[in-house]
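A structural walkthrough
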Amino acid sequence: RGIEHIDYRREEHSIRVTPELTVAYRYSLKKIVSDDRFLYALDQAGNVLIWDIQGKKQQVVRYNRFKTSNPLNDIHIMNGCLWIMSEWNGTYCYDAVRDELRELDLGQVKGESLHIGHVTMKNDSTFFASTPNSILRISFSGTDYIHDSIEVSEVITPCHHSNL
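I will try to describe carefully the structure that is included in this document. Remember, it's a predicted structure, so these values are computed and weren't measured experimentally.

1. Describing unusual backbone geometry
Here the phi dihedral of Asn79 falls at roughly 55 degrees; this positive angle occurs in a residue that is not glycine. Considering the arrangement of structural elements, one finds Asn79 in the loop between strand E7 (72-78) and strand E8 (81-86). A relative accessible area of 41% means that Asn79 is categorised as partly exposed. With a phi close to 55 degrees, Asp99 is a non-glycine residue in the positive phi region.

See the structure below:
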């Protein structure tokens, strides 16, 4: 188990593929994402594994560092920030350069537990997140997602139809 780097070379009449085990790890990996500097992986145990591609270093953000008893189920990388989602009521931003983690209070919109399904970036300070019942706008006061203030609002809510 691990992550492989695959090197391929095109020759005159064939392609040579050479897999090379880059990182070995004992848990199965759920998802991997990367940016220009880091490769991130979420494992089945809920740990976030981080490899500094340029510096050849690795670190682990252990599951017990997250303030949730729910499984971590997804990661996304946007603008240098790793977004980590737990199954219910737990969304985090992680800065790998500073090794800083922030829990985002997204339940403040309705005061209820939220399952965040996906996050996408509109611009450097605005993101949208899907929940089972709505779409949230997450606006930071700047681009320091760990320390800047945050405002969360509902932009799309479900339509409720009466029985006709």
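2. Some words on the pattern of salt bridges
Think of it this way: side chains of opposite charge can pair up when their charged atoms draw near. Applying the stated rule across the entire model yields five salt bridges. For Asp144, the salt bridge goes to Arg98, with nearest N and O atoms at 2.8 Å. Note that Asp144 is positioned in the loop between strand E13 (135-140) and strand E14 (150-156) and Arg98 in the loop between strand E9 (91-95) and strand E10 (100-104), a separation of 46 residues in sequence. Through salt bridges with shared partners, a single ionic network connects Asp95, Arg98, Glu100 and Asp144.

3. A look at the nonpolar core
Within the largest apolar cluster, 17 residues are counted, with the highest numbers of intra-cluster contacts made by Trp83, Cys93, Val119, Phe127 and Phe140. Discounting chain neighbours no more than four positions away, the residues touching Trp83 are Asp74, Ile75, His76, Met78, Thr91, Tyr92, Cys93, Leu104, Val119, Phe127, Ile138 and Phe140.

4. Details of the packing of aromatic side chains
Scanning the model with the defined rule gives six aromatic pairs in all. Here the aromatic rings of Phe38 and Tyr40 are separated by 5.8 Å at their centres, their planes lie at 45 degrees, and the arrangement is tilted. Seen from their ring centres, Phe140 and Tyr145 are 4.9 Å apart, and the 65 degrees between their planes marks the pair as edge-to-face. In terms of burial, Phe140 and Tyr145 fall into one category: buried. Within the aromatic cluster, the residues linked to one another by ring pairs are Trp83, Phe127, Phe140 and Tyr145.

5. Thoughts on the side chain of Thr91
Within the secondary structure layout, Thr91 lies in strand E9. Overall, Thr91 belongs to the buried group, its relative accessible area being 3%. Residue contacts for Thr91: discarding those within four places in its chain leaves Trp83, Ile84, Met85, Arg102, Glu103, Leu104, Leu106 and Ile116.

6. Some points on the sheet that holds E13
Read across the sheet, four strands follow the order E11-E12-E13-E14 without closing on themselves; strand pairing throughout is antiparallel. Pairing within the sheet leaves two strands with one partner each, and these edge strands are strand E11 (118-123) and E14. Put simply, the sheet's adjacent strands are angled 25 degrees from each other on average, direction ignored. Strand direction decides the pairing type here: E11 and strand E12 (residues 126-130), joined by five bridges, are antiparallel. Paired with Val119 across the bridge in E12 is Ala129.

So, how was this worked out
Every chain begins its residue count from 1, and numbering advances along the sequence as written. For this predicted model, a pLDDT threshold of at least 70 governs which residues receive local features, and a threshold of 80 or more governs which side-chain atom pairs are given and counted, while totals over whole chains, interfaces and linings are taken from all residues. Just so you know, side-chain values use all the structure's heavy atoms and leave hydrogens and water out. Secondary structure counts use DSSP, requiring at least four H or I residues in a row for a helix and at least two E residues in a row for a strand, with both numbered from the N terminus. Throughout this description, buried means an accessible area under 20% of the type-specific maximum (1.4 Å probe, protein chains only), exposed means over 50%, and partly exposed covers the range between. By convention in these notes, a salt bridge is any Lys or Arg side-chain nitrogen within 4 Å of a carboxyl oxygen on Asp or Glu. For this analysis, a nonpolar core means a set of buried residues of the types Ala, Val, Leu, Ile, Met, Phe, Trp, Tyr and Cys, connected via side-chain atoms within 4.5 Å. Note on contacts: a residue pair is in contact if any heavy atoms of the two residues lie within 4.5 Å. Two aromatic rings from Phe, Tyr or Trp, using only the six-membered ring of Trp, form a pair when their centres are within 6.5 Å; if the ring planes differ by under 30 degrees the pair is stacked, by over 60 it is edge-to-face, and anything between is tilted. The rule for pairing is simple: two strands pair if DSSP sees at least two bridges between them. Helix axes are fitted to C-alpha atoms over the stretch in contact, other axes to C-alpha atoms as well, and angles between N-to-C directions run from 0 to 180 degrees.

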